[in-house]
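# Results of the structural survey
In case you want the letters, here they are:
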Amino acid sequence: MKIVFLGTNGWYDTPTGNTICTLLETNDFYLVLDAGNGIYKLEEYLDNSKKPIYLFLSHFHLDHIEGLHILNKFSFDNTLHIYGQPGTRKILNNIINQPYTVSFPGLPFEVHLHEIETGIHHLPFRVECKFLPHASPCFGYRFEIDEKVITYCTDTGPHKNVEELARNSNLLITECSLKIGESYPGWPHLNPFDAVKIAIKAKAKTLALTHFDANIYRSIEERLESKESMKKLFENLIYAHDGMEIVI
Ligand SMILES: [Zn+2]
Ligand SMILES: [Zn+2]
């Protein structure tokens, strides 16, 4: 399975990166995680646009959904299925609509909006979702696809739900908004050490950090400052950047 980091910034775009969006290319479908501005690069990677596309949204902070306003540039041959927490339909139909942008019915392909509750769901793949601690209700996801477990948790503070979703996962993709020593309890996020601790506790095989706060991490070099010390604690550690591809 190929994973492409299309956008790896939190909050806003900078020359270092676009806001958060990640693509997983599986045998039978494409899975897109969040719809920040990095989503515009999607068409470079969709070789077989006949595969269904599943887009999972963590929450509705704009850095996770702002890319939805450019959906009308795509010409997907298949339905775009958008999944999110209860309330997704009302929120998205408000924002992805006039006077802001083209509405879903106006797009050149079909869009289905699906609201899912916490718990386990059997779609064409198994997915489990739990709420994560954040400034606005946010879902974390555990996907089981092609005999691999991929966990996606951003935005979040340290919490047992992240650990539970990440238990024995092949890949934990989580956020790294803060620098070591930083925390903002009123608006929870992770720093690299928080993320590594979670990966160790959960016995994840690989940890990929993304969603680097654009105002805190102003360059790729700044993102990598903690890499050496963190890799001593957790060897299979990836600091994502826009355009990075990994295979698990
Ligand atoms: Zn965010
Ligand atoms: Zn957020």
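Everything quoted here is computed from the prediction, not taken from an experiment.

We now examine the overall build of the chain. In terms of regular secondary structure, the chain is built from six helices and 16 strands. The C-alpha atoms of the chain give 17 Å as radius of gyration, which agrees with the globular expectation for 248 residues (18 Å, within 12%). For the chain, the spread of C-alpha atoms along the principal axes amounts to about 50 × 35 × 35 Å. Put simply, of all contacts in the chain between residues at least 6 apart along the chain, 61% involve residues at least 24 apart.

Time to look at the sheet that holds strand E11 (residues 148–153). Judged by pairing direction, the sheet is mixed, and its seven strands sit side by side in the order E8-E9-E10-E11-E12-E13-E15 without closing on themselves. Every interior strand has two partners, whereas the edge strands, strand E8 (119–122) and strand E15 (237–239), have only one. Averaged over neighbouring strand pairs, the angle between their axes works out to 20 degrees when direction is ignored. Bridge count between strand E10 (residues 138–145) and E11: five bridges; the pairing is antiparallel. Residue pairing in the sheet places Ile145 in a bridge with Lys148 of E11. Relative to the sheet, helix H4 (residues 192–202) contacts strand E12 (171–175), strand E13 (207–210) and E15, its axis offset from that of E13 by approximately 155 degrees.

What links the strands of a sheet is backbone hydrogen bonding, and the strands pair in either a parallel or an antiparallel sense. If you trace the seven strands from one edge of the open sheet to the other, you get E7-E6-E5-E4-E3-E1-E16, paired in mixed fashion. In this open sheet, the two edge strands, each paired with only one partner strand, are strand E7 (111–115) and strand E16 (245–247). Adjacent strand axes in the sheet meet at a mean angle of 20 degrees, parallel and antiparallel pairs treated alike. Here strand E3 (residues 21–25) runs beside strand E4 (residues 30–33); their pairing, made up of four bridges, is antiparallel. Its bridge partner lying in E4, Leu24 is registered against Leu31. Of the strands in this sheet, strand E6 (80–84) and E7 are in contact with helix H2 (residues 88–95), which crosses E7 at around 140 degrees.

Moving on: the nonpolar core. In terms of nonpolar packing, the biggest core is built from 64 residues, with Val32, Leu55, Ala166, Leu172, Ala195, Ala199 and Leu207 touching the most fellow members. Excluding residues within four positions of it along the chain, Ala166 makes contact with Thr151, Leu172, Ile198, Ala199, Ala202 and Ala204.

Looking now at the pairing of E11. Along any regular strand the residues' side chains alternate between the sheet's two faces. Among the six residues of E11, five are classified as buried, and the element is accordingly described as predominantly covered. Joining the antiparallel neighbours E10 and E11 is a turn of two residues, in which Asp146 adopts a positive phi near 50 degrees. Pairing analysis gives four bridges linking E11 to E12, with the strands arranged parallel. Bridge pairing in E12 links Tyr152 to Ile173. Traced from E11 through helix H3 (residues 160–166) to E12, the parallel crossover comes out right-handed.

Of the consecutive residues Gln98 and Pro99, the connecting peptide bond is found in the cis state with omega at 10 degrees. As for its placement among the helices and strands, Pro99 is situated in the loop between H2 and E7. Cis geometry marks the peptide bond from Thr154 to Asp155; its omega dihedral reads 10 degrees. As for its position among the elements, Asp155 is in the loop between E11 and H3.

Criteria and cut-off values
Residues numbered from 1 in each chain as written. Chains lettered and ligands numbered in written order. Predicted model: local features only at pLDDT ≥ 70, side-chain atom pairs only at ≥ 80, totals over all residues. Helix = DSSP H or I, 4+ residues; strand = E, 2+ residues; numbered from the N terminus. Rg over C-alpha atoms; globule rule 2.2 N^0.38 Å. Contact = placed C-beta atoms within 7 Å. Pairing = 2+ DSSP bridges. Axes fitted to C-alpha atoms, helices over the stretch in contact; angles between N-to-C directions. Core = buried A, V, L, I, M, F, W, Y, C linked by C-beta atoms within 7 Å. Buried ≥ 20, exposed ≤ 12 C-beta atoms within 10 Å, placed from the backbone. Right-handed = clockwise from strand over helix to strand, strands pointing away.

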